[in-house]
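Listed below are the residues making up each chain.
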Amino acid sequence: TARLCVAAPSRQELEITGGVETRPQSFVFDRVYWSHDERHPLFATQATLYEELGKSMISNALSGFNNCIFAYGQTGSGKTYSVLGQDTPEGRGL
């Protein structure tokens, strides 16, 4: 049976369990976007990404500044989806 080994206990923390280490390992970032389970209180939608990143990036680009998003994660974890989204108006990515 599959078991979830990554958790997002806060908007800045990622916790990995069940690895070689017997205790959970915690990592702190500027922001963690959790999209594994829609019922999770910190679930991040496309709208969340747009509100927190997209608006300011558009404003900066229109003001002549370069922008960059660095999306890091396991293959198949949703990095491309986060940026490109779905092929529907409500599912558009950044």
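Below is a summary of the structure that appears in this document. Computed from a predicted structure; not experimentally measured. (Residues numbered from 1 in each chain as written. Predicted model: local features only at pLDDT ≥ 70, side-chain atom pairs only at ≥ 80, totals over all residues. Heavy atoms only, no water.)

The antiparallel open sheet is built from 3 strands, whose spatial order is β1-β2-β3. Lying at the two open borders of the sheet, with one neighbouring strand each, are β1 (6–7) and β3 (25–28). As judged from the 4 bridges shared by strand β2 (residues 13–16) and β3, these two strands associate in the antiparallel manner. Bridge pairing links E15 to S26 in β3. (Pairing = 2+ DSSP bridges. Helix = DSSP H or I, 4+ residues; strand = E, 2+ residues; numbered from the N terminus.)

Before going further, it helps to examine helix α1 (residues 46–62). When the local axis directions of α1 are compared, the greatest deviation, roughly 40 degrees, occurs at L53. When we look at burial in α1, the residues that qualify are Q46, T48, L49, G54 and M57. Lining the buried residues of α1 we find α2 (79–84). Two to three positions downstream of the cap, the backbone nitrogen of A47 sits 3.2 Å from a side-chain oxygen, assigning the N-cap of α1 to T45. Backbone geometry just downstream of α1 places G64 in the positive-phi region, at approximately 95 degrees. (Bend = angle between axes of the 7 residues up to and from the residue. Buried < 20%, exposed > 50% of the residue type's maximum accessible area, 1.4 Å probe, protein only. Contact = heavy atoms within 4.5 Å. Polar contact = N/O pair within 3.5 Å; in protein donor to acceptor, adjacent residues only side chain to side chain.)

Together, I16, F27 and F29 give the surface a local cluster of nonpolar side chains, amounting to about 240 Å² of exposed area. Its location among the elements puts F29 in the loop between β3 and α1. For F29, a relative accessible area of 41% corresponds to the partly exposed category. (Patch = residues over 30% accessible without salt bridge, like charges linked within 9 Å, V, L, I, M, F, W, Y side chains within 5 Å. Areas by Shrake-Rupley, 256 points an atom, 1.4 Å probe, with all protein chains shown as cover. Salt bridge = Lys/Arg side-chain N within 4 Å of Asp/Glu carboxyl O.)

So, about the pairing of β2. As defined by bridge partners, β1 adjoins β2 across 2 bridges and the pair is classed as antiparallel. The residue bridging V6 from the neighbouring strand is I16, located in β2. With antiparallel pairing between neighbouring strands as the criterion, β1 and β2 make up a hairpin whose turn holds 5 residues.

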